[in-house]
Each structure stands twice: as C-alpha cells, then as structure tokens.
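Overview (structure and organization)
Chain residues, written in single-letter form:
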Amino acid sequence: MIEAPQNPQPLRERKKLRTREALISASQKLFSEKGYAATTLEEICQSVEVAPPTLFRYFESKAQLALARNVDWAESLKADVDVVDRDASTFDIWRRHVKHLSSPEVARWTKRRARWIAPEPVLRSLMAELDADCEAILASGLVADAGVDPVEDVYAHLVATALVRGRWAVFRRWLELRQPYEMLAPAQMALIDFVVEELSPTRAAVLARLLDGQKPSLASAGTAALKGASPVRDT
C-alpha cells in the first residue's frame, strides 16, 4: 500500500491526477471488452466525460494510454534505483518490484491485458521499448553498486538483460503451463537467484576478454567458472 504524502498536493494537481487515473481505468476496461483496435479515443473520452484535447494533455497517443501502467512502473523502478546513498542493492530493488508484479492480483490483471496487447504490433513495439528502458535502469544501478566504468562493464548489461527478458520468459512459461497464481512469484525469485549465481562478475570478466579478442588462460579462475566450477554468489 502506498502511503499518502505528508504535504497534500494542491487541488488542481489532485484533479489532474484523478482525471489521468479515470482515463487509464476507462481505457483498460474498454480495451478488455472490445479490444484495442476496436476502441476509439472518443469512446474513452465519453466514458470519462472529457474532450479529446484533454486526453492528449496527459497521453501522447492511444498506445501510450494503453500502456500507461507499464510506463508508471518503469518510472517507479527508475526512481528507486536512482536514490542517492540507498541501502538496498539493485538486485533487492528488482526483487521487490518483481515480487509485487507477480502477486496473484497483479498477475491476474497482467494475464487479462495480455489478451488485447499481444495481437497489436504497436503495443508489442512499445513494450519492447519499455523493456529496453528497464534494462538500462538496472544496468545503471548495477554499475553504481559496483563503482565501475559503465562503458567498459559487460556484467551489468548482461545481467540486466537476463533479468528483464527472463522475467517475461518465466511469465510466459507460467501461462502456458496454467500453473496456480501462487507459483509465479517463487518462480520469478528463482530466476533472479539463478542470474545472480550463474552470471557472476567473474564469468562476465572472461566474456569481456573474449569480446576484446583476448584468449583467457586455461588456468584462470574465470575460465574454470565457465567450464563448470561451482557458482559464487556475489554480495
């Protein structure tokens, strides 16, 4: 549950937030009932009793309105990762966000939305852009945690991609197997643990040398890790 701010927002700002929320809620209901393509912006505006120009003050396009919840979540993730001198690691922040997204209530909502998002190329394209944004957010957080050069670091980008793409892979598997809602969160946590253990900085360092055209020594610890040594959990 989100706590109310200590300093109440001005009336005008509260009205703007209510209008934005009403537009999102109305659009989600209509998209679910009629489908994305068959729903017009005029219908959404009529259901909220606002004019189309009002809608465009909040959302650039119909697609942006459709995925407003996803955009809001990505912004929330960035805000948490960008906190200066934060106590939680980027991994812990990601775990917390994914655990919320994997709760039965949110999973049911995501499952319903998938039915009208999947057939629409414009929505799939925007979802891919949001995933790329999330990868960049996680990579920047991992780089900050380690205090390394963001340009030279392979580990952060490799892990960020595995976490973001892996979350969707686990979700799709859960859908296809028709597993209970209670199984989704543990499966997502297992994926995160796997990435942390198997894609360690040691292995990433070996990959970086290979990418630079260097041939690591067979005696190196990194090569031993690649050849099947026990994974090391990095803290």
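Presented here is a report on the structure given in the accompanying data block. All of these numbers come straight from a predicted model, not from anything done at the bench.

Here we take up the environment of E105. With respect to the element layout, E105 can be found in helix α7 (residues 104-117). Measuring from C-alpha to C-alpha, the distance between E105 and Y181 comes to 8.7 Å, with 76 residues separating the pair along the chain.

When we look at a pair of aromatic rings, we describe it by the centre distance and by the angle of the planes. Enumeration according to the criterion identifies 7 aromatic pairs in this entry. Judged by centre distance (5.8 Å) and plane angle (90 degrees), the ring pair of W168 and F171 falls under edge-to-face. Pair noted here: W168 and F171 are both in helix α9 (residues 155-177), with a separation of 3 residues, about one helical turn. Across the pair, exposure class does not vary: W168 and F171 are buried alike. Within the aromatic cluster, the residues linked to one another by ring pairs are W168, F171, W174 and Y181. In this structure, R108 packs its charged tip against the face of Y181, placed 4.4 Å from the ring centre.

Before going further, it helps to examine unusual backbone geometry. In this model, E49 sits at a positive phi of 65 degrees, which is unusual for a non-glycine residue. Examined against the element boundaries, E49 turns out to sit in the loop between α2 (41-48) and α3 (52-58). For R178, which is not glycine, the phi torsion reads 55 degrees and is therefore positive. Tracing the backbone shows R178 in the loop between α9 and α10 (184-198).

Cut-off values and rules
- Residues numbered from 1 in each chain as written.
- Predicted model: local features only at pLDDT ≥ 70, side-chain atom pairs only at ≥ 80, totals over all residues.
- Heavy atoms only, no water.
- Helix = DSSP H or I, 4+ residues; strand = E, 2+ residues; numbered from the N terminus.
- Phe/Tyr/Trp six-rings, centres within 6.5 Å; stacked < 30°, edge-to-face > 60°.
- Buried < 20%, exposed > 50% of the residue type's maximum accessible area, 1.4 Å probe, protein only.
- Lys NZ or Arg CZ within 6 Å of the ring centre and 35° of its normal.

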